[in-house]
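Below are the chains, spelled out letter by letter.
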Amino acid sequence: LAFQHPRTASASASCSPRVPSIRAAAAASASSSGSFLSSSSSSIKTTASAPRRVSAALSMSSAAAAAAGSSASSWDSLRTSASSTPVGTALDQEADLRAAGKGSAFVQSNLRLFESGEEGKPKLTLYRDHAGWCPYCQKTMLLIEEKGIPINIELVPMRSYGDKPQSFLNKVPSGLLPALGIEREDGRQQIITESGVIMELLDKWHPTSEGYRPMLPPEEDKDGWAKYDKLAKLERELFSWWCTLIFRPEGPRLGGGGGGGLMGMLGGKKSSGGESVSGSMKGFLECLDRVDGALASAPGPWFFSPSEFPDGEYPTMIDFVYASHVERMLASAAHWKGLDLRGSRWRERYPGLNLWFDALERREYYRAFQSDYYTHVMDIPPQYGPGYDGGFDEER
């Protein structure tokens, strides 16, 4: 587990409270060898007789390695021993459930059946990225998990991280992810791309009459659709401000001076804390104000209230449209701009946003697909380009 991908380790920890005990057991079993390595390392530190000590330490290391190798169990016997423990048994059972399309959400699952009782493989196949770093694949998977849609999943590398297999490119020449394959009667697949289109179709094909939660307002609800469209446009505006702030050098900060219009954008404005900020920072923060206001206006934590979706209080499609990029905004803004939107200072300015994200993190399936900040600041540049330092310098 120590060498798992950070997302996988995070997902395991959130889905099984007993996983940390595995790490503790691993640490305990390594303590004797760790103390030897520690003493060997200290003997290698430079002193007057460093060459002789280095030679002695290397000899000791070789002897210890040979002794360990001669008595080490095979991988099969180690696996059997691990599986006989309570934690190992639980993890094996969870792996069997995942293979059968059941169990907890998992970033590398290839089949999700939930409690559908569907016999045979589903007719739908989602092609998504292997590592779980694609924001558009993530929001699609969040909708699938919330609705419980039976689906096959094929894992394909993002172009940023490797070549796509020819078998996938034969089906999707553009290489776009996510892609949805619909099995026809003749066995061939019809392919649909673009996450927004895929999410709308998945919701339409799995209606409330079949026991699925709706993710979009009813077609006849003009007010609901007007609200949805307004929020969707706001998300694209927020995304644009984020890209401007993170992936371009910030303009000058002129002590908060400058009026509105072009001069105000090129100059600086003061943040709520009184600091001078660039035009791009001001635009990003003010756009977040509008997002926070939309969330605060609803009685629950989500963009739509239970009265608008009478099936109960739960996240709908617009929440997932925001979720994947807001997750990346939190990490990148903290790392490159010193803007910790989850910290106490900014939580006061954006209470609706933080309550919304708190609610997301209470959904087990969201935790399974959520990345940590370190992973995001490493996986973002290959996709979007390098981030630029700036913002609140002393907070970075």
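All figures in this text were calculated on a predicted structure; none of them were measured in a lab. (Residues numbered from 1 in each chain as written. Predicted model: local features only at pLDDT ≥ 70, side-chain atom pairs only at ≥ 80, totals over all residues. Heavy atoms only, no water.)

**Q** Could you give me a rundown of the overall build of the protein, with the residues and numbers involved?
**A** In terms of helices and strands, the protein carries 17 helices and 7 strands. Every one of the 396 residues in the protein was classed for burial, and the buried ones make up 44%. Nonlocal contacts in the protein, meaning residues at least 24 apart in sequence, comprise 67% of its contacts between residues at least 6 apart. Accessible surface, the protein as shown: approximately 20,100 Å² in total, 56% of it carbon and sulfur. (Helix = DSSP H or I, 4+ residues; strand = E, 2+ residues; numbered from the N terminus. Buried < 20%, exposed > 50% of the residue type's maximum accessible area, 1.4 Å probe, protein only. Contact = heavy atoms within 4.5 Å. Areas by Shrake-Rupley, 256 points an atom, 1.4 Å probe, with all protein chains shown as cover.)

**Q** Residues and numbers for the pairing of strand β3 (residues 151-156), please.
**A** Most of β3 sits inside the fold, with 5 of its 6 residues counted as buried. Note that strand β2 (residues 124-129) and β3 share 5 bridges and pair parallel. Along β3, the bridge assignment pairs Thr125 with Asn152. Since β2 and β3 lie parallel, the crossover through helix α7 (residues 135-147) that links them has a hand, and here it is right-handed. (Pairing = 2+ DSSP bridges. Right-handed = clockwise from strand over helix to strand, strands pointing away.)

**Q** Before we move on, can you summarise the pattern of salt bridges with the specific residues and values?
**A** Per the stated rule, a full pass over the model turns up 20 salt bridges. Here the salt bridges share partners, and the residues they tie into one network are Arg342, Arg347, Asp358, Glu361 and Arg367. (Salt bridge = Lys/Arg side-chain N within 4 Å of Asp/Glu carboxyl O.)

**Q** How would you sum up the sheet that holds β3? Please name residues and give values.
**A** By way of backbone hydrogen bonds, the strands of a sheet pair with one another, either parallel or antiparallel. Read across the sheet, 5 strands follow the order β1-β3-β2-β4-β5 without closing on themselves; strand pairing throughout is mixed. If you trace the sheet from one side to the other, it starts and ends with β1 (111-112) and β5 (189-193), each paired once. Relative to β3, β1 runs antiparallel, the two being bridged by 2 bridges. Among the inter-strand pairings, Leu111 is bridged to a residue of β3, identified as Asn152. In the packing of helix α9 (residues 195-205) onto the sheet, the strands contacted are β2, β4 (179-183) and β5, and the crossing angle to β5 comes to about 120 degrees. (Axes fitted to C-alpha atoms, helices over the stretch in contact; angles between N-to-C directions.)

**Q** Quick rundown of the environment of Ala82? Include the residues and the values.
**A** For Ala82, the position within the fold is in helix α5 (residues 75-83). Judged by relative accessible area, Ala82 falls into the partly exposed class, the value being 42%. Put simply, Ala82 and Asp92 are 10 residues apart on the chain and 9.8 Å apart in space, counted from C-alpha to C-alpha.

**Q** Quick rundown of the nonpolar core? Include the residues and the values.
**A** Membership of the largest hydrophobic core comes to 72 residues, with the highest contact counts inside it found for Leu238, Phe284, Phe303, Tyr322, Val326, Leu339 and Trp356. No other element matches the 11 residues that helix α13 (residues 317-337) contributes to this core. When neighbours within four sequence positions are excluded, Leu238 is seen to be in contact with Phe284, Cys287, Leu288, Val291, Tyr322, Val326 and Met329. Within the second largest apolar cluster, 10 residues are counted, among which are Tyr127, Cys134, Cys137 and Phe168. (Core = buried A, V, L, I, M, F, W, Y, C linked by side-chain atoms within 4.5 Å.)

**Q** Before we move on, can you summarise the packing of aromatic side chains with the specific residues and values?
**A** Tallied over the entire structure, the rule returns 17 aromatic pairs. Measuring from ring centre to ring centre gives 5.5 Å for Tyr127 and Phe168, while their planes differ by 50 degrees; the resulting arrangement is tilted. Of this pair, Tyr127 sits in strand β2 while Phe168 sits in helix α8 (residues 166-171); the two residues are 41 residues apart in sequence, bridging distant segments of the chain. For Tyr127, a relative accessible area of 5% corresponds to the buried category. Here the aromatic cluster, defined as three or more aromatic residues joined through ring pairs, consists of Phe303, Tyr322, Trp356, Phe357 and Tyr366. The ring of Phe239 carries Arg236 above its face, with NZ or CZ at 4.3 Å from the centroid. Geometry around Phe392 places Arg345 over its ring, the cationic atom sitting 5.3 Å from the centre. (Phe/Tyr/Trp six-rings, centres within 6.5 Å; stacked < 30°, edge-to-face > 60°. Lys NZ or Arg CZ within 6 Å of the ring centre and 35° of its normal.)

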